[in-house]
Amino acid sequence: MANSLTSVPYPSNEPIKSYAPGSVEKKEVLSTYKNLYNTSIEIKMRIGNKDVKSDNKASIYPPHDNKHKIGFYYRSDKKHIEQAIKSALESREKWCKMPWESRAAIFLKAADLVAGPFRAKINAATMLAQSKTIFQAEIDAACELIDFLRFNVQYMQEIYTNQPNNSPGIWNKISYRPLEGFVYAVSPFNFTAIAGNLPASAAMMGNVVVWKPSDYQIYSAKILMDIFREAGLPDGVINMVFGDPEMITNTILENSNFSGIHFTGSTKVFKDIWKKIGNNIDYYKTYPRIVGETGGKDFIIAHPSAKPAEVATAITRGAFEFQGQKCSAASRVYLPKSMSEKVISHLKSDLNSISMGSPEDFKNFVTAVIHKDAYDRLVKVIEKIKKDTDAEIILGGGYDDSKGYFIEPTVVITTNPKYDTMERELFGPLVTVYIYPDELWGETLKLIDQTSEYALTGAVYSQDRYALEDAVNILENCAGNFYINDKPTGAVVGQQPFGGARGSGTNDKAGSSINLLRWVSPRLIKETFIPASNYRYPFLG
Ligand code: NAD
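Conventions adopted
- Residues numbered from 1 in each chain as written.
- Predicted model: local features only at pLDDT ≥ 70, side-chain atom pairs only at ≥ 80, totals over all residues.
- Heavy atoms only, no water.
- Helix = DSSP H or I, 4+ residues; strand = E, 2+ residues; numbered from the N terminus.
- Rg over C-alpha atoms; globule rule 2.2 N^0.38 Å.
- Contact = heavy atoms within 4.5 Å.
- Areas by Shrake-Rupley, 256 points an atom, 1.4 Å probe, with all protein chains shown as cover.
- Lys, Arg positive; Asp, Glu negative; His and termini not counted.
- Charge placed at Lys NZ, Arg CZ, Asp CG, Glu CD.
- Disulfide = S-S within 2.5 Å.
- Buried < 20%, exposed > 50% of the residue type's maximum accessible area, 1.4 Å probe, protein only.
- Near = heavy atom within 4 Å.
- Polar contact = N/O pair within 3.5 Å; in protein donor to acceptor, adjacent residues only side chain to side chain.
- Nonpolar A, V, L, I, M, F, W, Y, C, P; charged D, E, K, R; others polar.
- Domains from an automatic or database assignment.
- Patch = residues over 30% accessible without salt bridge, like charges linked within 9 Å, V, L, I, M, F, W, Y side chains within 5 Å.
- Salt bridge = Lys/Arg side-chain N within 4 Å of Asp/Glu carboxyl O.
- Pairing = 2+ DSSP bridges.
- Axes fitted to C-alpha atoms, helices over the stretch in contact; angles between N-to-C directions.
- Parallel < 35°, antiparallel > 145°, perpendicular 65-115°, else oblique.
- Left-handed = near helix turned anticlockwise from the far one by under 90°.
- Core = buried A, V, L, I, M, F, W, Y, C linked by side-chain atoms within 4.5 Å.

Scanning the chain for helices and strands turns up 16 helices and 23 strands. For 541 residues, the compact-globule estimate of 2.2 N^0.38 gives 24 Å, and the chain sits close to it at 25 Å. If you take every contact in the chain between residues at least 6 apart in sequence, the share linking residues at least 24 apart comes to 77%. Here the chain displays about 23,200 Å² of accessible surface, and carbon together with sulfur accounts for 51% of that area. Side-chain charges in the chain split into 62 positive and 60 negative, and the spacing between the mean points of these groups amounts to 5 Å.

Spelled out as structure tokens, the structure:
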């Protein structure tokens, strides 16, 4: 709109619905779930203004019900990826010239669609195809996604408002241009909100995008795309393709117009992509932005002054919600000898009260892990622990894939602080505990700093302020998100911007202006009202 300086509606966090027995939202989400469960979906790629099929189909099964087919999707050939790039580039000129308030309106409308008419559907799809409990679906697919969209619009406005100083006779302006070319968004299976945010944050800043969701999140990805379209996102701005990740990535990275990657997933995949970008650097028109949030080996350390029930609750929630498949999930715990028995006894009673099964049954706290590879990987680890002499399973350790990929919440104790499961990201419901002598508090903090390649999240529990100061200082580089007397999961957009360093990523803090700044290439314009007309400076005398 011309002749107006508008302000976007100021965001606040989306309230989490309760889904308590008898609630309207519970009835609605369960009836939507049943409906999706009983109908077969056909998911096409979205390239430009076309829904695209291919000859290569793949079936979709719920992880907790792995013989019940709920639909299928089409996988791309190289030509589809080339079309997606072409369509993105063709849409670029119109999209990046669209007034930013209009882009804001599209994504604000998308947030309202998620909050209202699409809430039950996006939650039910996330429950069904990613096996999240209703609470985990609600905080991810509904609330976090809505928050990403609304807060990022506010951050976009703040970025544009940030302008340089002027001096007499001179006016300086910064135009926050989108990147020249297209952005590649690659998203993981575990968060519907991240899948929506990776393409949307770049598009919001005026970029065009080719988006490749994970093979295990395609069901809710399709609903995200429907929401963006209903919100008014023009064709070709976000192009959604499925299929062989290596072929797709290689095709994208060979294109001279590739201008940035917005990635979330495992560390190894991200490092491989970074190497490929390095090898292709001579072909690109511009230095690509590389933004990646990757793996974690997130810790909880308790000081002897901590309260055992609080530490045990942090472990139960931090390690086992969504089966430990959060990048922020606690997977290594350090307990002082003096309180370890009390914490473990609380944990035992917690885990004995937990039931596991389909997310359709709201009594279940734990559901299935995402796919067969994850299940097999975890079974292998559990069987190895059973044989090893320096580790022991004290709770759980059971598994069963006859109906779905179910792994019991498992607690391991090790006498070796560098034991495999203290260092390696397993991405499942398995937590390893190391018991340290109370008097070695400072040494144990240093040990945490030297264990594992990651630095994503971590938590310290203590009632002693000196001990908390030790932890904050010694663990400075161990976590991009550090929690005092709270579990290491559950970051909220607008409150705890999220991201880690070391092997955990580029720490560009999803859901903050730090992240959005990666998707712009500022152009400074200096205007002088009365230009100089004589080259001589006064000092020349
Ligand atoms: P993944 O690395 O297997 O897959 C992530 C994405 O990369 C998917 O779209 C996948 O298809 C693609 N991919 C896989 N192999 C590829 C290849 N060779 N070349 C190009 N692309 C490829 O991860 P996942 O199993 O979907 O998700 C779990 C991982 O994501 C964990 O390591 C977790 O810690 C991480 N994660 C991190 C954050 C964070 O914010 N730090 C958030 C969520 C998940």
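Scanning the entire structure with this criterion turns up zero disulfides. With no disulfide partner, Cys143 has as its closest neighbouring cysteine sulfur the one in Cys327, 18 Å distant. Summary of cysteine pairing: Cys478 is not part of a disulfide, and the nearest cysteine sulfur, belonging to Cys327, is at 17 Å. According to the relative accessible area criterion, Cys478 is buried, its value standing at 3%.

Our focus in this paragraph is the site of the ligand. The environment of the ligand is formed by 27 residues, the closest being Ser187, Lys212, Ser266, Thr294 and Glu425. Between the ligand and the protein, one listed contact pairs an oxygen atom with a backbone N or O atom of Ser187 at 2.7 Å. Within the side chain of Glu425, one N or O atom sits 2.6 Å away from an oxygen atom of the ligand. Elements with a contribution of two residues or more to the shell around the ligand: helix H8 (245-253), strand E10 (258-264) and helix H9 (267-279). Examining the composition of the shell around the ligand, we find that three residues originate from one element, H8, more than from any other. Here the residues of the shell around the ligand sort into 13 nonpolar, ten polar and four charged. When residues of the shell around the ligand are sorted by domain, at least three fall in each of domain 1 (98-294 + 505-525) and domain 2 (298-484).

Our focus in this paragraph is a nonpolar patch on the surface. On the surface, Tyr535, Tyr537, Phe539 and Leu540 cluster together into a nonpolar patch covering about 560 Å² of accessible area. Following the sequence through the fold, Tyr537 ends up in the segment after strand E23 (520-528).

On to the sheet that holds strand E1 (residues 41-43). Strand order in the open sheet formed by three strands is E1-E5-E4, and the pairing between neighbours is mixed. Either end of the sheet is taken by a strand with one partner, and the two such strands are E1 and strand E4 (56-60). The mean inter-strand angle of the sheet, taken between neighbouring strand axes irrespective of direction, is 25°. In the sheet, E1 pairs with strand E5 (residues 71-75) via three bridges, with the strands oriented parallel. Residue Ile43 lies in a different strand from E5, and its bridge partner there is Tyr73.

Turning next to the pattern of salt bridges. Taken as a whole, this structure holds 28 salt bridges when the rule is applied. Between Asp77 and Lys79 there is a salt bridge; the shortest N-O distance is 3.4 Å. Note on Asp77: relative accessible area 32%, which makes it partly exposed. We note a salt bridge from Lys132 to Asp140, for which the minimum N-O separation is 2.9 Å. Shared partners join several salt bridges into a network, and the residues in it are Glu14, Asp112, Arg119, Glu138 and Arg150.

The next subject is the packing of H8 against H9. Their axes nearest at 10 Å, the elements H8 and H9 cross at an angle of 30°. By the angle class used here, H8 and H9 are roughly parallel. At the point where H8 passes H9, the crossing takes the right-handed sense. Residues Glu246, Thr249, Asn250 and Leu253 of H8 form the contact with H9, whose own contacting residues are Ile273, Lys276 and Ile277. Split by residue class, the contact of H8 with H9 holds three nonpolar, two polar and two charged.

Turning our attention to the environment of Ile252. If you trace the backbone, Ile252 turns up in helix H8. Note: C-alpha distance between Ile252 and Glu82 (170 residues apart in sequence) is 7.9 Å.

Ranked by internal contacts, the top residues of the largest apolar core, which has 104 residues, are Phe107, Trp211, Tyr219, Ile238, Ile252, Phe258 and Ile261. The contact partners of Ile261, leaving out residues within four places of it in the chain, are Tyr184, Val186, Ile273, Ile277, Arg289, Ile290, Val291 and Trp519. Counting residues in each nonpolar core, the second largest holds 37 residues, with Tyr334, Tyr375, Val412 and Leu475 among its members.

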